[in-house]
Amino acid sequence: GIHFVRGMSQGRRKHDNGNTSSTTTTTTTTIDIIAQLVSAVLQNESPEVLSALEERDTPLLASIVSIWLRQNFIGVLPNLSCVLLLYCTVLMEGVDYLVYFIISILRHVQGDIIRMSANPYAGWVDDDDGGGGGTKIGEEGRKRNVSQNYLSVEHLIGFQVDEHVLDFVRGLSQKYRHYCMERMFPRGKNEDEW
């Protein structure tokens, strides 16, 4: 796991824009790769959730994944025991389990995501003090607030890393482990499998 984080955050990818004399280099972080994998698996497992998250002009799924990972799920999951069990499972089973746990969390709040997608500004509070003189929140502020609604602990109160969730996560692992690991740890064509 540590090698993955260190290696992927330093990994570089060359992008050729069609002109052989002009090549740019971009950095692909671990969080970027995990967000891409979550998106790919979500496309197969819950396309309606992915569609609801992609309806906006901002990459909401990537923002959610980034915030959850940067916070280590603290303040996202309802209690510390869920966070510890999630990370113990990731340490025991492999870093690809982060992808599957994120999918299981999104699946848990699927109804809320779809409802918020239908009315994206419902449930957010602007800074009006009730006197009618509130300030306008810009579009960027609204998008940020909508993503924070998805991140709030109140939506995840009932989420527990229990046997039901672990069975779901193991099922995703059986279906997508090769795909995820291949993208997390690219290997040459002639190298052995994991």
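This one's a predicted model, so the numbers in the text were calculated from it and none came from an experiment.

**Q** What am I meant to see in the overall build of the protein here?
**A** Assigned secondary structure in the protein consists of nine helices and two strands. Along the chain direction, N to C, the helices and strands of the protein fall in the order α-β-β-α-α-α-α-α-α-α-α. Expressed as a percentage of the 194 residues in the protein, the buried residues total 40%.

**Q** I would appreciate a short explanation of helix α9 (residues 163-184) in the present structure.
**A** Turn by turn, an α-helix covers 3.6 residues, leaving residues three or four places apart pointing in a common direction. The end-to-end C-alpha distance of α9, which contains 22 residues, comes to just 26 Å, noticeably less than the 32 Å that a straight helix rising 1.5 Å per residue would cover. At Tyr-176, α9 is bent by approximately 65°, the largest bend along its length. Regarding α9, the residues found buried are Val-165, Leu-166, Phe-168, Val-169, Leu-172, Ser-173, Tyr-176, Cys-180, Met-181 and Met-184. N-cap assignment for α9: the residue whose side-chain oxygen lies 3.2 Å from the backbone N of His-164 is Asp-162.

**Q** Looking at this structure, I do not really get the packing of helix α2 (residues 30-45) against helix α3 (residues 47-54). What am I missing?
**A** The relative placement of two packed helices is expressed as an angle between their axes plus a distance between the axes. Where α2 contacts α3, the axes come no closer than 6 Å and their chain directions differ by 125°. As summarised for this structure, α2 and α3 are arranged oblique, according to the angle between their axes. Contact with α2, carried on its side by Ser-39, Leu-42, Gln-43, Asn-44 and Glu-45, involves Pro-47, Val-49, Leu-50, Leu-53 and Glu-54 of α3 and no other residues of that element. In the contact of α2 with α3, the residues fall into five nonpolar, three polar and two charged.

**Q** Which parts of the structure should I look at to understand the environment of Leu-166?
**A** Of note, Leu-166 is situated in helix α9. For the pair formed by Leu-166 and Tyr-100, sequence separation is 66 residues and the distance between their alpha carbons is 9.5 Å. Excluding its chain neighbours within four sequence positions, the residues that come into contact with Leu-166 are Thr-89, Phe-101 and Val-161.

**Q** What is the right way to read the packing of aromatic side chains from this model?
**A** Aromatic ring pairs are defined here through the distance separating the ring centres and the angle between the ring planes. Taken as a whole and assessed by the stated rule, the structure comprises three aromatic pairs. Centre to centre, the rings of Trp-68 and Phe-73 are 6.3 Å apart; their planes meet at 45°, and the pair counts as tilted. Comparing Trp-68 with Phe-73 shows no difference in burial state: the two are buried. In this structure an aromatic cluster arises from ring pairing among Trp-68, Phe-73 and Tyr-87. Here the basic side chain of Arg-107 rests over the ring of Phe-168, its NZ or CZ set 4.1 Å away from the ring centre.

**Q** How should the pattern of salt bridges be read in this particular structure?
**A** Opposite charge on two side chains allows them to pair when their charged atoms are near. Inspection of the entire model under this criterion finds six salt bridges. Its salt-bridge partner being Asp-96, residue Arg-177 comes within 2.7 Å of it at the nearest N-O pair. Remark: Asp-96 occurs in the loop between α5 (80-93) and α6 (97-108) and Arg-177 occurs in helix α9; sequence separation between them is 81 residues. A salt bridge links Arg-115 to Asp-112; its shortest N-O distance comes to 2.5 Å. Highlighted residues: Arg-115 and Asp-112, both in helix α7 (residues 110-118), separated by three residues, approximately one helical turn. Each member of the salt-bridge network shares a partner with another, and the members are Glu-163, Asp-167 and Arg-170.

**Q** Teacher, can you tell me more about α3 here?
**A** Every buried residue belonging to α3 is among Val-49, Leu-50, Ala-52 and Leu-53, and all of these are buried. For α3, the buried positions fall inside an angular range of 160° around the axis, keeping them on one side.

Rules and cut-offs
Residues numbered from 1 in each chain as written. Predicted model: local features only at pLDDT ≥ 70, side-chain atom pairs only at ≥ 80, totals over all residues. Heavy atoms only, no water. Helix = DSSP H or I, 4+ residues; strand = E, 2+ residues; numbered from the N terminus. Buried < 20%, exposed > 50% of the residue type's maximum accessible area, 1.4 Å probe, protein only. Expected span 1.5 Å × (residues − 1). Bend = angle between axes of the 7 residues up to and from the residue. Polar contact = N/O pair within 3.5 Å; in protein donor to acceptor, adjacent residues only side chain to side chain. Axes fitted to C-alpha atoms, helices over the stretch in contact; angles between N-to-C directions. Parallel < 35°, antiparallel > 145°, perpendicular 65-115°, else oblique. Contact = heavy atoms within 4.5 Å. Nonpolar A, V, L, I, M, F, W, Y, C, P; charged D, E, K, R; others polar. Phe/Tyr/Trp six-rings, centres within 6.5 Å; stacked < 30°, edge-to-face > 60°. Lys NZ or Arg CZ within 6 Å of the ring centre and 35° of its normal. Salt bridge = Lys/Arg side-chain N within 4 Å of Asp/Glu carboxyl O. Arc of directions from axis to C-beta.

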